Amino acid sequence: MLDHPFLRETAAGSIPFDVFANWLNQDYLFVREAIPFIAIMVSRAPHALRPGLAAAIPALQSELELFERMAREKGVSLREEMTPICHAYVQYLIATAHSRSFEEGFTLLYCAEKAYFDCWSTVRRTLTSASPWKDFIDRWSNESFAAWVKWLEDEIDKLLERASETLRQQMAAVFLTTTRYEYLFWDIAFQGESWPDA
Ligand code: MP5
């Protein structure tokens, strides 16, 4: 994933404006739906994990403001329609939080956040010049995001220690599916809309 053209071209400064704008629009729609996902996770969490998870809600709310501000500043008009991959991924988020074990939902969250941390940290490390998209690069590679991912990592280790072999396998399956969705999400940027015409 770290070698995906979206990340390489963003770091090299050669990413076409419309391609980045596609990602911006779709990720805005994704993050909007990540809020109810976290809210469901809070409601299902053991009490020790509730404060940590609940703190993500205002963080996501201010992240939406970052998307809106960047869209305004860069002249990206935000549309409401999700592409098929974004739509499927969001449905997977909500369905997993509702109907799978808490541990599987937590695995999804950890995997999605870890993917963003690793991807955007790679962009930051390989940047060749000042980027117009710096605020996004910083958002998922800064110290407080690193601390959040570290917290998720420590907690998932504890969950794994207590998990049965069956549950571990279920968590591994969620990890794999989430990683695949994360990879496909970068592809969206180059594809744009792909629903058949009504
Ligand atoms: C994240 C994201 C990170 N914004 N978009 C995708 C497709 N995956 C992961 O989540 P957050 O909630 O923005 O930190």
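Predicted model only: the values in this text are computed from it and were never measured. Starting from 1, residues in each chain are numbered consecutively following that chain's sequence as written. Where totals are concerned, whole chains, interfaces and linings use all residues; where local detail is concerned, this predicted model gives features only for residues with pLDDT of at least 70, and gives and counts side-chain atom pairs only at 80 or more. Side-chain figures throughout are based on the complete set of non-hydrogen atoms in the structure, without hydrogens or water.

Definition used for salt bridges: Asp or Glu carboxyl oxygen within 4 Å of a side-chain nitrogen of Lys or Arg. A full pass over the atoms with the stated rule returns twelve salt bridges. With a shortest N-O distance of 2.8 Å, Asp 135 and Arg 69 are connected by a salt bridge. In this pair, Asp 135 is assigned in helix α7 (residues 134-139) and Arg 69 in helix α4 (residues 56-74), connecting sequence segments 66 residues apart. A residue is classified by how much of its surface remains accessible, and Arg 69, at 28% relative accessible area, is partly exposed. Of the charged contacts, one joins Asp 138 and Arg 124 as a salt bridge, the two residues approaching to 3.7 Å between their closest N and O atoms. With a gap of 14 residues between them, Asp 138 in helix α7 and Arg 124 in helix α6 (residues 102-126) connect regions that are remote in the sequence. Judged by relative accessible area, Asp 138 falls into the partly exposed class, the value being 23%. Working definition: helices are DSSP H or I runs of at least four residues, strands are E runs of at least two. Numbering for both runs from the N terminus. Exposure categories follow from relative accessible area, calculated using a 1.4 Å probe and restricted to protein chains: below 20% of the type maximum is buried, above 50% is exposed, and the middle band is partly exposed.

Let us now look at the nonpolar core. Grouping buried Ala, Val, Leu, Ile, Met, Phe, Trp, Tyr and Cys residues that are joined through side-chain atoms within 4.5 Å yields what is termed a nonpolar core. With 68 residues, the main nonpolar core has Phe 6, Trp 23, Leu 53, Trp 120 and Phe 136 as its most contacted residues. Those elements that provide at least two residues to this core are α1 (5-12), α2 (17-44), α4, α5 (84-99), α6, α7, α8 (143-162) and α9 (165-191). Apart from the residues lying within four places of it in its own chain, the contact partners of Trp 23 are Phe 6, Phe 67, Tyr 116, Trp 120, Phe 136, Trp 140, Phe 185, Trp 186 and Ala 189. Any two residues whose heavy atoms approach within 4.5 Å at even a single point are treated as in contact.

Let us now look at the site of the ligand. Near residues are defined by distance, with any heavy atom within 4 Å of the molecule or strand qualifying the residue. Of all residues adjacent to the ligand, which total 13 residues, the nearest are Asp 27, Leu 60, Glu 63, Glu 113 and Glu 182. Contacts to the ligand include Tyr 116, whose side-chain N or O atom sits 3.2 Å from a nitrogen atom. N or O atoms within 3.5 Å of each other form a polar contact, as long as, within protein, one can give a hydrogen and the other can take it, and as long as residues adjacent in sequence are counted only when both atoms are side-chain atoms. Here an oxygen atom of the ligand and a side-chain polar atom of Trp 140 are 3.2 Å apart. Shrake-Rupley sampling with a 1.4 Å probe provides the accessible areas, and residues are treated as covered by the protein chains on show and by no other component. Contact with the protein chains covers 97% of the free accessible surface of the ligand, which is 360 Å². Elements with a contribution of two residues or more to the shell around the ligand: α2, α4, α6 and α9. Residue classes follow a fixed rule: Ala, Val, Leu, Ile, Met, Phe, Trp, Tyr, Cys and Pro count as nonpolar, while Asp, Glu, Lys and Arg count as charged, and any other residue, Gly among them, counts as polar. Here the residues of the shell around the ligand are counted per class, giving nine nonpolar, no polar and four charged.

A pair of aromatic rings is counted whenever rings of Phe, Tyr or Trp (Trp by its six-membered ring) have centres within 6.5 Å, and the orientation is called stacked for planes under 30 degrees apart, edge-to-face for over 60 and tilted otherwise. Taken as a whole, this structure holds 33 aromatic pairs when the rule is applied. When the ring of Phe 6 is compared with that of Trp 120, the centres are 6.4 Å apart and the planes differ by 85°; the resulting orientation is edge-to-face. Residue Phe 6 is located in helix α1, and its partner Trp 120 is located in helix α6; the two are separated by 114 residues in the primary sequence. As far as burial versus exposure is concerned, Phe 6 and Trp 120 are alike and both buried. Geometrically, the ring pair formed by Phe 6 and Phe 190 is edge-to-face, given 6.5 Å between the ring centres and 85° between the ring planes. You can see Phe 6 sitting in helix α1 and its partner Phe 190 sitting in helix α9, a full 184 residues away along the chain.

The next point concerns the environment of Phe 145. Note on placement: Phe 145 falls in helix α8. In this structure Phe 145 comes out as buried when scored by relative accessible area, which is 4%. Put simply, Phe 145 and Glu 113 are 32 residues apart on the chain and 8.8 Å apart in space, counted from C-alpha to C-alpha. Aside from chain neighbours lying at most four places away, what touches Phe 145 is Glu 113, Phe 117, Arg 139 and Trp 140.

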